[in-house]
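Residue-level listing of the chains:
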Amino acid sequence: MSRVLLFTGKGGVGKTTAAAATATLAARSGFKTLVVSTDTAHSLADALGVSVADEPTEVAPGLYLYQVDTQKALERQWGELRDYARDVFAELGLDEITAEEITVLPGAEEIIALLELREQALTGRWEVIVIDCAPTAETLRLLALPEALDWHMNRLLPVGRRLLRALSPLVRRLAQVSMPGDHVVGAGERLHRSLLEVRELLTGPDTSVRLVLTPEAVVLAEARRTLTSLSLYGYRVDAVIANRVFPAEGADPWRRRWVEAQSRHLAEVEQSFAPLPIHIVPYLDAEPVGPDALARVAEVMYGDADPFAPPTVDPPLRITAEGELILALPLAGKGEVDLSRKGDELIINVGSYRRVLALPAALARRSVREAALRDGFLRVRFEAGGPDDREHE
């Protein structure tokens, strides 16, 4: 299996540089490495000092860059779904250009990038895959997508197939539009399965997320929320990278104030993210562009640590032999967490983020006895009996 590393953080903190530097180090360490971006800004090629490539292209010995051509990938991944939607709009009287524009789905580029990542991982070509993710908010929506779609598709597809067969002649006669055929529904099911495989890859034992931040109050606050939210969705964070740290040596009065402020924030970083390792990258005197400069950044960033070792962080979600569900929610406050039970699902809200967790059969048959948030872990205990709909905080 490939070692998969995802880099995310607030926009402008240097996550692309951190991702490109890590990929460069991987290649120079002898690993066949792919670096790819889910960020539509596509600044990876700029950081590496090379031209954009829409197929995996070797840009340095052992290092391959892949900037996803979303138009080509869109047709390959869900062309049948898009063609059906375009035909329906045409039947409703929209001209071809308008129908084409309407069927460009919001967020399609990020979804396509995930599906392309899955395909690259399945090839078995790569020993290390590095992903330069979109800024934090987009990344969280993106990583939550496979499980959210699974929740809807499991309910809609079985019923939808029966309804389509029953209603197709009626809808065609009354609404003058075509209902999707089995091949279109089949394409939707294939997309659904592919996204589940993406989630399996990104929550697997060989994948981890690295948070990139700068020692500033606003950035640190967002990074803390991101750690909690990534854990909610089941993704492991195995390190934090503090970028653009002013060196204390030889500081003039202006820079000394920055050093003092950053020192206070770095102490908060250590306290907030312990026991995760914190990798420090100093403020550089020039922008690191090209493999040589990026390799130097990586050497400083990781020091003697092995950035490609399997993650030692426990998976955020565990179920004990006694039937206790334990979900890591680091840095979450009790007032932020709401828990409710509906049928065989556990609905967990942390701030503005929600996860609908399908319970395994052994727990789905049992009702919740108690739930508590202690020491950064949500612990839900079950007892014998049927599921209930009572809410627990």
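Residues numbered from 1 in each chain as written. Predicted model: local features only at pLDDT ≥ 70, side-chain atom pairs only at ≥ 80, totals over all residues. Heavy atoms only, no water.

**Focus: the pairing of strand E6 (residues 207–213)**
Phase 1 of the analysis: Most of E6 is tucked away, with 7 of its 7 residues classed as buried.
Phase 2 of the analysis: The two faces of E6 match: Thr-207, Val-209, Leu-211 and Leu-213 on one face and Ser-208, Arg-210 and Val-212 on the other face are all buried.
Phase 3 of the analysis: Examined bridge by bridge, strand E1 (residues 3–8) and E6 share 5 bridges and lie parallel to one another. Following the sheet pairing, Leu-6 is matched in E6 by Val-209.
Phase 4 of the analysis: As paired strands, E6 and strand E7 (residues 237–245) are joined by 5 bridges and run parallel to one another. Along E7, the bridge assignment pairs Leu-211 with Val-240.
Phase 5 of the analysis: Where the polypeptide runs from E6 across helix H8 (residues 217–232) and back to E7, its parallel neighbour, the crossover connection is right-handed. (Buried < 20%, exposed > 50% of the residue type's maximum accessible area, 1.4 Å probe, protein only. Helix = DSSP H or I, 4+ residues; strand = E, 2+ residues; numbered from the N terminus. Pairing = 2+ DSSP bridges. Right-handed = clockwise from strand over helix to strand, strands pointing away.)

**Let's talk about the sheet that holds strand E2 (residues 33–37)**
Phase 1 of the analysis: With respect to topology, 8 strands assemble into an open sheet ordered E3-E4-E2-E5-E1-E6-E7-E8, the strand pairing being mixed. With one partner strand each, in any of the chains shown, strand E3 (57–60) and strand E8 (278–282) form the two edges of the open sheet. Between one strand axis and the next, the sheet turns through 25° on average, direction left out of account.
Phase 2 of the analysis: In the sheet, E1 pairs with strand E5 (residues 128–132) via 5 bridges, with the strands oriented parallel. (Axes fitted to C-alpha atoms, helices over the stretch in contact; angles between N-to-C directions.)

**A look at empty space enclosed by the protein**
Phase 1 of the analysis: Per the stated rule, a full pass over the model turns up 2 cavities of 30 Å³ or more.
Phase 2 of the analysis: When its volume is computed, the largest cavity comes out at roughly 40 Å³.
Phase 3 of the analysis: The wall of the largest cavity is formed by Gly-9, Lys-10, Thr-136, Leu-211, Val-212, Val-219, Glu-222, Ala-223 and Thr-226.
Phase 4 of the analysis: Secondary-structure elements contributing two or more residues to the lining of the largest cavity are E6 and H8.
Phase 5 of the analysis: Ranked by the residues each element gives to the lining of the largest cavity, the list is headed by H8, at 4 residues.
Phase 6 of the analysis: For the lining of the largest cavity, the residue count by class is 4 nonpolar, 3 polar and 2 charged. (1 Å grid on protein atoms, 1.4 Å probe; cavity = no way out; pocket = protein on both sides within 12 Å on 5 of 7 lines; lining within 4 Å. Points joined across faces, edges and corners; volume = space filled by probe spheres on them. Nonpolar A, V, L, I, M, F, W, Y, C, P; charged D, E, K, R; others polar.)

**Examining the nonpolar core**
Phase 1 of the analysis: Ranked by internal contacts, the top residues of the largest apolar core, which has 96 residues, are Phe-7, Leu-202, Phe-273, Leu-325, Leu-329 and Val-380.
Phase 2 of the analysis: If one sorts the elements of this core by residue count, helix H1 (residues 15–28) sits on top with 8 residues.
Phase 3 of the analysis: In this view, Leu-202 contacts Val-4, Leu-6, Leu-114, Leu-117, Leu-143, Thr-207 and Tyr-235; residues no more than four positions away in its chain are not counted. (Core = buried A, V, L, I, M, F, W, Y, C linked by side-chain atoms within 4.5 Å. Contact = heavy atoms within 4.5 Å.)

**Here we look at unusual backbone geometry**
A negative phi angle characterises most non-glycine residues, just as the trans form characterises most peptide bonds.
Phase 1 of the analysis: Residues Ala-274 and Pro-275 are joined by a peptide bond in cis, for which omega reads 10°.
Phase 2 of the analysis: Among the secondary structure elements, Pro-275 is positioned in the loop between helix H9 (253–273) and E8.
Phase 3 of the analysis: Phi at Leu-331 is positive, roughly 75°, even though this residue is not glycine.
Phase 4 of the analysis: Structurally, Leu-331 can be placed in the loop between strand E10 (325–328) and strand E11 (337–342).
Phase 5 of the analysis: Residue class for Leu-331 comes out partly exposed when judged on its relative accessible area of 30%.
Phase 6 of the analysis: Non-glycine residue Asp-375 carries a positive phi angle of around 55°.

**Some remarks on the sheet that holds strand E15 (residues 377–383)**
Phase 1 of the analysis: As summarised here, the arrangement of the 4 strands in space is E9-E10-E15-E14, forming an open sheet in which the pairing is antiparallel. The open sheet is flanked by strand E9 (317–319) and strand E14 (367–374), the only strands paired with a single partner. For this sheet the average axis-to-axis angle between neighbouring strands, irrespective of direction, equals 15°.
Phase 2 of the analysis: The pairing of E9 with E10 spans 3 bridges and is classified as antiparallel. Across the sheet, residue Leu-317 finds its bridge partner in E10, namely Leu-327.

**Some thoughts on the environment of Gly-343**
Phase 1 of the analysis: Mapped onto the secondary structure, Gly-343 falls in the loop between E11 and strand E12 (345–350).
Phase 2 of the analysis: On the basis of relative accessibility, which here comes to 33%, the residue Gly-343 falls in the partly exposed class.
Phase 3 of the analysis: Residues Gly-343 and Ala-358 lie 15 residues apart in sequence; the distance between their C-alpha atoms is 9.4 Å.

**Considering the pairing of E12**
Phase 1 of the analysis: Most of E12 sits inside the fold, with 6 of its 6 residues counted as buried.
Phase 2 of the analysis: What you see with E12 is no split at all: Glu-345, Ile-347 and Asn-349 on one side and Leu-346, Ile-348 and Val-350 on the other are buried throughout.
Phase 3 of the analysis: With antiparallel pairing between neighbouring strands as the criterion, E11 and E12 make up a hairpin whose turn holds 2 residues, including Gly-343 at a positive phi of roughly 60°.
Phase 4 of the analysis: As defined by bridge partners, E12 adjoins strand E13 (residues 353–358) across 6 bridges and the pair is classed as antiparallel.

**Things to note about the pattern of salt bridges**
Phase 1 of the analysis: Scanning all chains against the criterion turns up 8 salt bridges.
Phase 2 of the analysis: A salt bridge links Lys-10 to Glu-222, with the nearest nitrogen and oxygen atoms 3.5 Å apart. Taken together, the residues span a long stretch of sequence, with Lys-10 in the loop between E1 and H1 and Glu-222 in helix H8 at a distance of 212 residues.
Phase 3 of the analysis: Taking the relative accessible area as the measure of exposure, Lys-10 reaches 29% and is therefore partly exposed.
Phase 4 of the analysis: Owing to a relative accessible area of 18%, Glu-222 belongs among the buried residues under this scheme.
Phase 5 of the analysis: Of the charged contacts, one joins Glu-370 and Arg-381 as a salt bridge, the two residues approaching to 3.1 Å between their closest N and O atoms. Of this pair, Glu-370 sits in strand E14 while Arg-381 sits in strand E15, placing them 11 residues apart in sequence.
Phase 6 of the analysis: Judged by its relative accessible area of 38%, Glu-370 is partly exposed.
Phase 7 of the analysis: What makes Arg-381 partly exposed here is its relative accessible area of 24%. (Salt bridge = Lys/Arg side-chain N within 4 Å of Asp/Glu carboxyl O.)

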